[in-house]
Amino acid sequence: MLSVSEAQQAILAGVKRLEPETVPLLEALGRVLAEEVTADTALPPFDNSAMDGYAVRAADLIGATPERPVRLPVIADIPAGHPTEVELTAGTIARITTGAVLPRGADAVVPVEETDDGARSASALLESVAIYRAIPQGAHVRRTGEDVQRDEQVLNSGLLIRPAEIALMSAVGHNQVRVYRRPRVALLATGDELVTPDRVPGPGQIRNVNEYSTAALVMRYGGVPLLLGIARDRMERVAAKLEEAVGQGADVIVASAGVSVGAYDVVKEAVQAHGSIDLWKVRMRPGKPLAFGFYRQRPFFGLPGNPVSAMMTFEQFVRPVLRIMCGFTHWKKPAIAVTLLEPIESDGRETYARAWVERSGDRWQARLSGGQGSNMLSSLVRANALVIVPEGVHQLAAGATVQAQMLDWPEDLDGW
Ligand code: AMP
Ligand code: MG
């Protein structure tokens, strides 16, 4: 039996990122860039005004004050998107809006608030304007290339695409992006007792939870779920679903239940018909009966049937595989030191206890979020963290400091 980290290492050993594909810009959000992005233009692309006001020659305003303003003739009107051929000669000014091209001859912009041009909205062009203040050269001017140079490499391959990266790519005309392909993850529930969630369970039946919980996890972590539905506890039923997964182009196959030692636990055998089970059972609670191997060269996970165990083992073992396939290098969930508000018991396995973690002053504290049975979903719903009881520890006292894995915090940023 492997420890959690030994099992993670063994599982990740053979996993590589998937090949890149080209997608429209917005579909790249949350994915990993698979190319270097260079700017097809400088940013800003031209000298322009940072304010609504008047383009001036700073030398013309020397000595201007509210008591002794400088009055100058307005020779042009330059709205954004309408560059002018007009050149400012000494002693002239032009009305200009934010983002409009600075006219030749101008070297600064006076904000409208510093002039006697009070009524701005849709107002007619004044013949002359009094300016109340002297300003230095370059004031309120955004220079060509002050942000990004033309042909500059602005984004490195391998980084996470956030809204900021989308913004920069749109600014440099990059409306299609190479990103690593999303893994297609086939999801299969096994069990004679299962019915779909829209049905009222009959005697001895329960609703299929794992297919939906794991589909949601696949989506959260960047994959595409392929819902294969329920296979009954018979070799040929499970075998048929595994073939269906391959037929649908699955990169990873995730089954739940049927991997224990029960009389009807047929999943491992079905996988071995065209693959291998390389690892079975991890020293972890919840989630001991985890099977991992390959089915027709694809990574195969047999998650435990109990819904909480299925989700916990997905978080610790399937999520890292999806992250790597998506092109990330960081896959560890952030863990922080927390102070326990109540004691926790364990059987000596590495235990992941559902907990609520919150700030108290400059520290974080944790309390259990409810019953810890591996079937109990309500405590998972009330949890935002998993308090980790290290291997070999049977009891943690109230007040002890332990690590808590933060379920809803993202992994470290990639590519920086
Ligand atoms: P097994 O691994 O087949 O022994 O199943 C362990 C427990 O998980 C049993 O109580 C099953 O009824 C339950 N279980 C199995 N599959 C699912 C599923 N898809 N959704 C909810 N519970 C399940
Ligand atoms: Mg079963």
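## Topic: the domain arrangement of the protein chain
- What the domain assignment lists for the protein chain is domain 1 (4-19 + 182-325), domain 2 (22-43 + 146-180), domain 3 (48-142) and domain 4 (335-406).
- A C-alpha centroid distance of 63 Å is found between domain 3 and domain 4.

## Here we look at the environment of Q205
- With respect to the secondary-structure elements, Q205 resides in the loop between strand 13 (194-195) and strand 14 (206-207).
- It is 4.5 Å that separates the C-alpha atoms of Q205 and E193, two residues lying 12 residues apart in sequence.
- Beyond its immediate sequence surroundings of up to four residues, Q205 is in contact with E193 and V195.
- In terms of polar contacts, Q205 uses its side chain to reach the backbone amide nitrogen of G202, at 2.7 Å.

## Notes on the site of ligand 1
- Residues in close proximity to ligand 1 total 15 residues, the closest being E193, N208, V209, G305 and N306.
- Residue E193 places a side-chain N or O atom 2.6 Å away from an oxygen atom belonging to ligand 1.
- Within the backbone of G305, an N or O atom sits 3.1 Å from an oxygen atom of ligand 1.
- Put simply, the parts of the chain that give the shell around ligand 1 at least two residues each are strand 12 (184-190) and strand 14.

## Brief notes about the pattern of salt bridges
- The full count for this structure, using the stated rule, is 19 salt bridges.
- R31 is the partner of E21 in a salt bridge, and the nearest nitrogen-oxygen pair spans 2.6 Å. Of this pair, E21 sits in strand 1 (residues 20-24) while R31 sits in the loop between strand 1 and strand 2 (37-38), and the two are 10 residues apart along the sequence.
- Looking at R31, the relative accessible area reads 8%, which means it is buried.
- Between E411 and R319 there is a salt bridge, with its nearest N and O atoms 2.8 Å apart. In this pair, E411 is assigned in the segment after strand 27 (401-406) and R319 in helix 6 (residues 307-325), connecting sequence segments 92 residues apart.
- What makes E411 buried here is its relative accessible area of 9%.
- A relative accessible area of 1% places R319 in the buried class.

## A look at the sheet that holds strand 6 (residues 93-96)
- Taken in spatial order, the five strands line up as 7-4-6-5-8 in an open sheet, and their pairing is mixed. Single-partner strands in this sheet number two, and they are strand 7 (108-111) and strand 8 (128-131). Adjacent strand axes in the sheet meet at a mean angle of 45° when their direction is disregarded.
- Where strand 4 (residues 53-56) and strand 7 come together, four bridges link them in antiparallel fashion. Across the sheet, the residue bridging to A55 is V109, located in strand 7.

## Section: the packing of aromatic side chains
- Tallied over the entire structure, the rule returns three aromatic pairs.
- With centroids separated by 5.5 Å and ring planes inclined at 70°, the aromatic side chains of F292 and F294 adopt a geometry described as edge-to-face.
- A ring pair is formed by W364 and W409, whose centres lie 5.6 Å apart and whose planes are at 70°; its orientation type is edge-to-face. Of this pair, W364 sits in strand 24 (residues 363-368) while W409 sits in the segment after strand 27; the two residues are 45 residues apart in sequence, bridging distant segments of the chain.
- Overall, W364 belongs to the partly exposed group, its relative accessible area being 22%.

## Comments concerning the side chain of T115
- Its location among the elements puts T115 in the loop between strand 7 and strand 8.
- For T115, the side chain forms a polar contact with the main-chain nitrogen of D117, separated by 3.0 Å.
- Apart from the residues within four sequence positions on either side, T115 is in contact with Y54, V110, V129, A130, I131 and Y132.

So, how was this worked out
- Residues numbered from 1 in each chain as written.
- Chains lettered and ligands numbered in written order.
- Predicted model: local features only at pLDDT ≥ 70, side-chain atom pairs only at ≥ 80, totals over all residues.
- Heavy atoms only, no water.
- Domains from an automatic or database assignment.
- Helix = DSSP H or I, 4+ residues; strand = E, 2+ residues; numbered from the N terminus.
- Contact = heavy atoms within 4.5 Å.
- Polar contact = N/O pair within 3.5 Å; in protein donor to acceptor, adjacent residues only side chain to side chain.
- Near = heavy atom within 4 Å.
- Salt bridge = Lys/Arg side-chain N within 4 Å of Asp/Glu carboxyl O.
- Buried < 20%, exposed > 50% of the residue type's maximum accessible area, 1.4 Å probe, protein only.
- Pairing = 2+ DSSP bridges.
- Axes fitted to C-alpha atoms, helices over the stretch in contact; angles between N-to-C directions.
- Phe/Tyr/Trp six-rings, centres within 6.5 Å; stacked < 30°, edge-to-face > 60°.

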